[in-house]
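# Inside the fold
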Amino acid sequence: QQVYQDGSVFAAAVLDIKDEVLISKFLAGIANMAAFSREVGIPTEAGLPHAFGNAFRNVAALIADADFTFKEVEEVKKFLEDPEAYAAANPVAAAPAAGGGGGGAAAGAAKKEEKKAVEEEEEEEDMDFDLFG
């Protein structure tokens with residue numbers, strides 16, 4: 001069967017949309033709205049979780065070196081005092097930082113190549129060439 005709407009003809013199967021699809025599209029729209037509102041600086045209800053997360057991160061950064069503490073920041077301070085204890089407790093997260101596997105040599109070579117490229121850029125900046133002079 002075909003459906004006619006506003007001068008368009010399409011298959012009736014288009015109207016058989018599952019609830020999961022509608023919900024996922026709706027949530028994607030809300031995520032886009034929250035991202036847009038955060039970017040332009042307009043507070044919305046959809047952006048509140050991110051706003052509170054950013055505020056907590058700012059407060060934790062401010063009191064990281066201070067003697068003042070409260071319950072929510074104690075874990076952050078413990079982590080900052082001894083990050084290797086957390087790395088040992090979570091070896092999966094620490095593995096990329098340690099360069100585990102055979103990728104260490106490739107990463108070292110890439111780092112040397114990057115350093116060489118930076119040195120070449122610096123040499124180019126030192127040249128006294130003026131296009132309009």
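This structure is a prediction, so every number in the text was calculated from the model and none was measured.

Right, let's get into the overall build of the protein. A count of helices and strands for the protein gives six helices and two strands. Seen in sequence order, the protein has helices and strands lined up from the N terminus as β-β-α-α-α-α-α-α. The burial tally for the protein puts 5% of its 133 residues in the buried class. The contacts in the protein between residues at least 6 apart in sequence include a share of 0% that link residues at least 24 apart. Split by element, the accessible area of the protein, about 11,600 Å² in all, is 59% carbon and sulfur.

Within the element layout of this structure, Lys-77 appears in helix α3 (residues 71-81). On the basis of relative accessible area, Lys-77 is assigned to the buried category, the value being 13%.

Thresholds applied
- Residues numbered from 1 in each chain as written.
- Predicted model: local features only at pLDDT ≥ 70, side-chain atom pairs only at ≥ 80, totals over all residues.
- Heavy atoms only, no water.
- Helix = DSSP H or I, 4+ residues; strand = E, 2+ residues; numbered from the N terminus.
- Buried < 20%, exposed > 50% of the residue type's maximum accessible area, 1.4 Å probe, protein only.
- Contact = heavy atoms within 4.5 Å.
- Areas by Shrake-Rupley, 256 points an atom, 1.4 Å probe, with all protein chains shown as cover.

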